[in-house]
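Residue-level listing of the chains:
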Amino acid sequence: MKKILVVCGNGLGSSFMIELNVKRVLEELGVEADVSHTDLATSKTEKADLYVGAKDLMDALDDGTRTVARLTNIFDVQELKSVLRQYV
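Considering the pairing of strand β1 (residues 2–8)
When you tally the buried positions in β1, you get 5 out of 7 residues, the bulk of the element. For β1 and strand β2 (residues 33–39), the ladder comprises 7 bridges, and the chain directions are parallel. Note that in β2 the partner of L5 across the bridge is S36. The sheet contact formed by β1 and strand β3 (residues 50–54) spans 4 bridges and is parallel. Directly across from L5, in β3, lies its bridge partner Y51.

Things to note about the environment of L84
Mapped onto the fold, L84 is located in helix α4 (residues 77–87). Judged by relative accessible area, L84 falls into the buried class, the value being 0%. Through-space distance from the C-alpha of L84 to that of T45 is 22 Å; in sequence the pair is 39 residues apart. Those residues in contact with L84 that lie beyond four places of it in its chain are V22, V25, L26, L50 and V52.

A few points about the environment of Q78
Structurally, the position occupied by Q78 is in helix α4. The class for Q78 is exposed, based on a relative accessible area of 55%. Sequence separation of Q78 and A48 is 30 residues, and the distance between their C-alpha atoms is 23 Å.

Here's the deal with the nonpolar core
In terms of nonpolar packing, the biggest core is built from 14 residues, with I4, V22, V52, L80 and L84 touching the most fellow members. Of all the secondary-structure elements, those providing two or more residues to this core are β1, α1 (13–29), β3, β4 (68–71) and α4. Aside from chain neighbours lying at most four places away, what touches V22 is I4, V6, V35, L80 and L84. Counting residues in each nonpolar core, the second largest holds 10 residues, with L40, Y51, L57 and V68 among its members.

Topic: the sheet that holds β1
If you trace the 4 strands from one edge of the open sheet to the other, you get β2-β1-β3-β4, paired in parallel fashion. The open sheet has two free edges, formed respectively by β2 and β4, since each of these has just one partner strand. On average, adjacent strands in this sheet sit at an angle of 20° to one another, irrespective of strand direction. Pairing analysis gives 4 bridges linking β3 to β4, with the strands arranged parallel.

Side note on α4
Within the sequence span of α4, burial applies to E79, L80, K81, V83 and L84. Tucked into the core, α4 has its buried residues touching α1, β3 and β4. Where α4 begins, the side chain of D76 points an oxygen toward the backbone nitrogen of Q78, at a separation of 3.0 Å.

Rules and cut-offs
Residues numbered from 1 in each chain as written. Predicted model: local features only at pLDDT ≥ 70, side-chain atom pairs only at ≥ 80, totals over all residues. Heavy atoms only, no water. Buried < 20%, exposed > 50% of the residue type's maximum accessible area, 1.4 Å probe, protein only. Helix = DSSP H or I, 4+ residues; strand = E, 2+ residues; numbered from the N terminus. Pairing = 2+ DSSP bridges. Contact = heavy atoms within 4.5 Å. Core = buried A, V, L, I, M, F, W, Y, C linked by side-chain atoms within 4.5 Å. Axes fitted to C-alpha atoms, helices over the stretch in contact; angles between N-to-C directions. Polar contact = N/O pair within 3.5 Å; in protein donor to acceptor, adjacent residues only side chain to side chain.

In structure tokens form, the structure reads like this:
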């Protein structure tokens, strides 16, 4: 099962909202995954198959070894669905 880690600056509000949307979109797509959320600093130490978050945070997290999904608008569920289809 894939592990998806949703990342935001503090690991509280926006990452939790995105996590709920990721779970809903994955259910619509018929994909099972372990989805959780965290802050940027912690995400650098956690292993996941896919990291999801706002473009600026994903740029900071992308070191060439991680698969990152950059969101332009973290509240746009259609964008999220489009991005997730590329990776799951």
